[in-house]
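# Structural characterization, general
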Amino acid sequence: MASACRRIFRILDKLPRSGLGVTLAAISILLFSGFTTQAATFTMSSKDICVVRLEGEIVEGDFQRLQAIGATAFKGSDGESSAKDTICLNSPGGSVAEGVRMAEFFYQKGIGTVIDQGDECYSICAIMFMMGIAQGAEVNFVNRKLHLGGKLGFHRPYLDIQSEEMISVRALAVAHDAAVESVMKIMILANNHVPWSNSTMMRPDLVQQMLNHIGNNLFYIDTVEKAGRFEIDILGMPKGRS
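Anyway, here's the lowdown on the structure attached to this text. Within any chain, residue numbers begin from 1 and follow the written order of that chain's sequence. Per-residue local features of the predicted model are confined to residues with pLDDT of at least 70, and side-chain atom pairs are confined, for both listing and counting, to 80 or more; whole-chain, interface and lining totals are unaffected and use all residues. Water and hydrogen atoms were dropped before computing side-chain values, which therefore reflect all heavy atoms in the structure.

Moving on to helix α5 (residues 169-190). Working note: α-helix, 3.6 residues per turn, so residues spaced by three or four point in the same direction. Runs of E in the DSSP output that reach at least two residues are strands. Runs of H or I that reach at least four are helices, and both are numbered from the N terminus. Each helix should span, by expectation, one fewer than its residue count multiplied by 1.5 Å. With 22 residues, α5 ought to run about 32 Å at 1.5 Å a step, and its terminal C-alpha atoms sit 31 Å apart, in line with that. The complete set of buried residues in α5 reads A171, L172, A175, A179, V180, S182, V183, I186, M187, L189 and A190. For the exposure calls, accessible area comes from a 1.4 Å probe over protein chains only, and a residue counts as buried if that area is under 20% of its type's maximum, exposed if over 50%, partly exposed in between.

Quick look at the environment of A126 now. Here A126 shows up in helix α4 (residues 124-130). Between the alpha carbons of A126 and I115 there is a distance of 9.8 Å; along the sequence they are 11 residues apart. We call two residues contacting when some pair of their heavy atoms lies within 4.5 Å. Among all residues touching A126, those that are not within four sequence positions of it are C121, L152, G153 and F154.

A word on the pattern of salt bridges. Any Lys or Arg side-chain nitrogen found within 4 Å of a carboxyl oxygen on Asp or Glu counts as a salt bridge. With the rule as written, the count across this model stands at 9 salt bridges. For E98, the salt bridge is made with R101, and the minimal N-O distance between the two is 2.4 Å. One end of the pair, E98, and the other, R101, are both in helix α3 (residues 96-109), 3 residues apart, so they sit about a helical turn from each other. Judged by its relative accessible area of 6%, E98 is buried. Put simply, R203 and D205 hold a salt bridge, and the shortest N to O gap is 3.5 Å. Each of the salt bridges in this network shares a partner with another, and the network as a whole consists of R53, E55 and D119.

Further remarks concern the packing of aromatic side chains. Here the distance between the centres and the angle between the planes together describe a pair of aromatic rings. Pairing of aromatic side chains here covers Phe, Tyr and the six-membered ring of Trp, requires ring centres within 6.5 Å, and sorts the geometry by plane angle: under 30 degrees stacked, over 60 edge-to-face, intermediate tilted. Applying the stated criterion across every chain yields a total of 3 aromatic pairs. Ring centres of F63 and F105 lie 6.1 Å apart, and the angle between their planes is 75 degrees; on these two criteria the pair is classed as edge-to-face. Of this pair, F63 sits in helix α2 (residues 62-73) while F105 is found in helix α3, placing the two residues 42 residues apart along the sequence. For F105, a relative accessible area of 12% corresponds to the buried category. Note on Y122 and Y220: the rings are 6.0 Å apart at their centroids and 80 degrees apart in plane angle, and the pair reads as edge-to-face. Residue Y122 is found in strand β8 (residues 120-122), and its partner Y220 is found in strand β15 (residues 219-220); the two are separated by 98 residues along the sequence. With a relative accessible area of 4%, Y122 lands in the buried category.

Structure below.
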């Protein structure tokens, strides 16, 4: 992981080292959100494949909004498992901190994840998707579904410096440490165990692919073989195929 972190922050060596200029307010720690979009909204889904729908960029406060709608929308185990508690994701990514909190919530509460036809889930959204699971007293299983017409893509974190001004060394150091901590949290999420298995929620080779891809050069789950390897169920398969 140390070598991956060095690659992530190599660009910082080219930045001016000055005590003047911007503060942390101009430095965001994001996971790949290079797309122009709007802040996330949480609504009750109109489709049977999920209960709640998340749409838009992940920003500060989204975890609280998820908890608020989830308090009534997610019912928990029906006596067997929480498989009916599901959320559709359509997001380009955004705040690592908020995304990690929501991913932890999915894993701990047994929330399944879905990428519906026409939807896209990139960056921290992809990490959230991979934490989809069903929990129960006796039955626990991975619960994540990707429609053939949906898109799921991974790539590595970066520091988004939203200014052309000189950057404070102190602010940069704090941002660097926070970004390293965010990568560590992603690794912890990835290493969560799959129930009744020796596998992890994100296989090491998927994590490697994530760290090897930069910016808009994403690693897509775009074949049935990739989906099978990473334990993702496929929706929208033609009849007669499975």
